[in-house]
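Structural overview
Okay, here's what each chain looks like letter by letter:
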Amino acid sequence: MSPAAEAIRAEIRERGPIPFARFMELALFHPQGGFYASGRVRIGTDQGDFTTAPHISAVFARCLARWVEAADRALGGPDPLVLVEGGPGEGRLARDLLDALAERRPDLYPRVRYVADEASPALGARRKELLRPHQDRCLEQAPPGCAGVYLSNELVDALPVHRLRGEGTGLEEAWVDWDGRGFREVWARPSPEAGAFLKRYAPPLGDWEVEVRPAAEAWLEGAAARLGRGYVLTIDYGDRAERLYGPHRPLGTAAAYRAHRLVDDLLADPGEQDLTAHVDFTHLQRVGQRLELTAEPLVNQREFLFRWGLEEEVAALEQRLPEVDRLAAMQALAPLLLPCPGMGDTFRVLVQAKEAVGLGS
């Protein structure tokens, strides 16, 4: 049994059943055995547990670099321009983004400072090595009141969720218990944390499962607080609440993955598999309104990348590659390029401005 599983079992033994949100928190972020905190997680298309857009192609980061250039212009060319990345993992996105800025904008690059906002210290060594060419641009902390960008790619989906079903007096929450042989799911009265959250924000409720994510509120508050002015850029799979939840999705969106495969049992082997749930972007927009952030229209990732130079970057990539490598490169890019169920259409991009003008979607 992993250290995360032992910690979960000990907490249940002491307190009784725990909400799924607490199970997910320990399974992913327990300091010794959590899936992310332990450093065992591997990202990539071959031997990884899952893959992300930055691992598919540097084209993704190069498009984001174009967006950062626009943000810099809109902010009046601040010195420094601070880029804070939430959940940077191994640092692939940061490296490719900084590479693009150094190549394309030698006037801007010296003003850039990069800060990793990471909940998994175990990945720090890998990231430090990958960012070695840009070590002079890296800071431990963002300067107070700085101008810049807080960006995250596939971070919010890993924040713990409470799983609920029903409505009114029939509302229930998923709890996790230990039966002597393994962890099991128990549906019972909602926890105080879930009840308090629903008083602030309630997604569509009914005879289907939904996930609510109080942790996203604290995360967005912290992200916005890092900046005196600038932009919070959130990229993740999810949608608006009315499209995310309802009778068309009776079991909600919570899922477990291991080695790129969907795992049926959310409670199996805590610490050894990824746990995730789609992001409710309506909730992030509501929290942003409370924080006086101005949201641009929510778009899918494919639309966002085309808006910020995807065609130009793909054409440049084709010119750089030998002919024998072009077909493989284009096939790898398909999830970002094609209008089909995949990263391009299932991922959403939300830009929220803090004391800054909109950049357009």
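Residues numbered from 1 in each chain as written. Predicted model: local features only at pLDDT ≥ 70, side-chain atom pairs only at ≥ 80, totals over all residues. Heavy atoms only, no water.

The next subject is the pattern of salt bridges. In this structure the tally under the stated criterion is 27 salt bridges. Close ionic contact of Glu-172 with Arg-165 constitutes a salt bridge, the shortest N to O distance being 2.9 Å. (Salt bridge = Lys/Arg side-chain N within 4 Å of Asp/Glu carboxyl O.)

Moving on: the nonpolar core. Soluble globular proteins: nonpolar side chains tend toward being buried together. With 45 residues, the main nonpolar core has Trp-67, Leu-83, Leu-97, Leu-101, Tyr-231, Leu-233 and Phe-304 as its most contacted residues. The element best represented in this core is helix α4 (residues 58-74), accounting for 10 residues. In this structure, Phe-304 is in contact with Leu-64, Trp-67, Leu-233, Val-299, Val-349 and Val-351, ignoring residues within four places of it in sequence. Membership of the second largest hydrophobic core comes to 24 residues, among which are Ile-12, Phe-35, Ala-158 and Leu-267. (Core = buried A, V, L, I, M, F, W, Y, C linked by side-chain atoms within 4.5 Å. Buried < 20%, exposed > 50% of the residue type's maximum accessible area, 1.4 Å probe, protein only. Helix = DSSP H or I, 4+ residues; strand = E, 2+ residues; numbered from the N terminus. Contact = heavy atoms within 4.5 Å.)

Among the 8 residues of strand β17 (residues 347-354), 7 are classified as buried, and the element is accordingly described as predominantly covered. As paired elements, strand β10 (residues 229-239) and β17 share 8 bridges and run antiparallel to each other. Considered in β17, the bridge of Leu-233 is made with Val-351. Direction of pairing for strand β15 (residues 294-295) relative to β17: antiparallel, over a ladder of 2 bridges. Bridge assignment links Thr-294 to a residue of β17, and that residue is Ala-353. Two strands pair when backbone bridges link them, and strand β16 (residues 299-300) and β17 are joined in this way by 2 bridges, in the antiparallel orientation. Residue pairing for β17: Val-299 is matched across the bridge by Val-349. (Pairing = 2+ DSSP bridges.)

With that settled, consider the packing of aromatic side chains. Throughout the structure, instances matching the rule amount to 9 aromatic pairs. Arranged with centres 6.0 Å apart and planes meeting at 80°, the rings of Phe-197 and Tyr-201 form a pair that is edge-to-face. The burial state of Phe-197 is the same as that of Tyr-201; both residues are buried. An aromatic cluster is defined as three or more aromatic residues linked by ring pairs; in this entry it consists of Phe-20, Phe-23, Trp-178 and Phe-183. Cation over ring: Arg-137 sits above Tyr-109, and NZ or CZ is 5.3 Å from the ring centre. (Phe/Tyr/Trp six-rings, centres within 6.5 Å; stacked < 30°, edge-to-face > 60°. Lys NZ or Arg CZ within 6 Å of the ring centre and 35° of its normal.)

Where α4 contacts helix α12 (residues 310-320), the axes come no closer than 9 Å and their chain directions differ by 135°. The orientation of α4 relative to α12 falls into the category oblique. For the pair α4 and α12, the sense of crossing is right-handed. Contacts between α4 and α12 pair Val-59, Arg-62, Cys-63 and Arg-66 from the former with Leu-310, Glu-312, Glu-313, Val-314 and Leu-317 from the latter. Residues that form the contact of α4 with α12 fall into these classes: 5 nonpolar, no polar and 4 charged. (Axes fitted to C-alpha atoms, helices over the stretch in contact; angles between N-to-C directions. Parallel < 35°, antiparallel > 145°, perpendicular 65-115°, else oblique. Left-handed = near helix turned anticlockwise from the far one by under 90°. Nonpolar A, V, L, I, M, F, W, Y, C, P; charged D, E, K, R; others polar.)

Moving on to unusual backbone geometry. Generally, phi is negative for residues other than glycine and the peptide bonds are trans, each holding for most cases. Cis geometry is found at the peptide bond from Asp-79 to Pro-80, where omega equals 10°. Tracing the backbone through its elements, the reader meets Pro-80 in the loop between α4 and β2 (81-86). At Glu-154, a residue that is not glycine, the phi angle is positive and equals roughly 55°. Tracing the backbone through its elements, the reader meets Glu-154 in the loop between β5 (147-153) and β6 (162-166). With phi around 50°, Glu-355 is a residue other than glycine that occupies positive phi space. Among the structural elements, Glu-355 can be located in the segment after β17.

Buried residues dominate β2, accounting for 6 of its 6 residues. Burial along β2 is two-sided: Leu-81, Leu-83 and Glu-85 and Val-82, Val-84 and Gly-86, pointing in opposite directions, are all buried. As defined by bridge partners, β2 adjoins strand β3 (residues 112-117) across 6 bridges and the pair is classed as parallel. Within the sheet, the bridge partner assigned to Leu-83 lies in β3 and is Tyr-114. At this point the chain moves from β2, through helix α5 (residues 92-104), to the parallel β3, and the crossover so formed is right-handed. Summarising the sheet, β2 and β5 pair through 6 bridges and their orientation is parallel. Bridging from a neighbouring strand, Val-82 pairs with Gly-148 of β5. (Right-handed = clockwise from strand over helix to strand, strands pointing away.)

Note that every value here comes from positions in space, so none of it alone points to a role or purpose.
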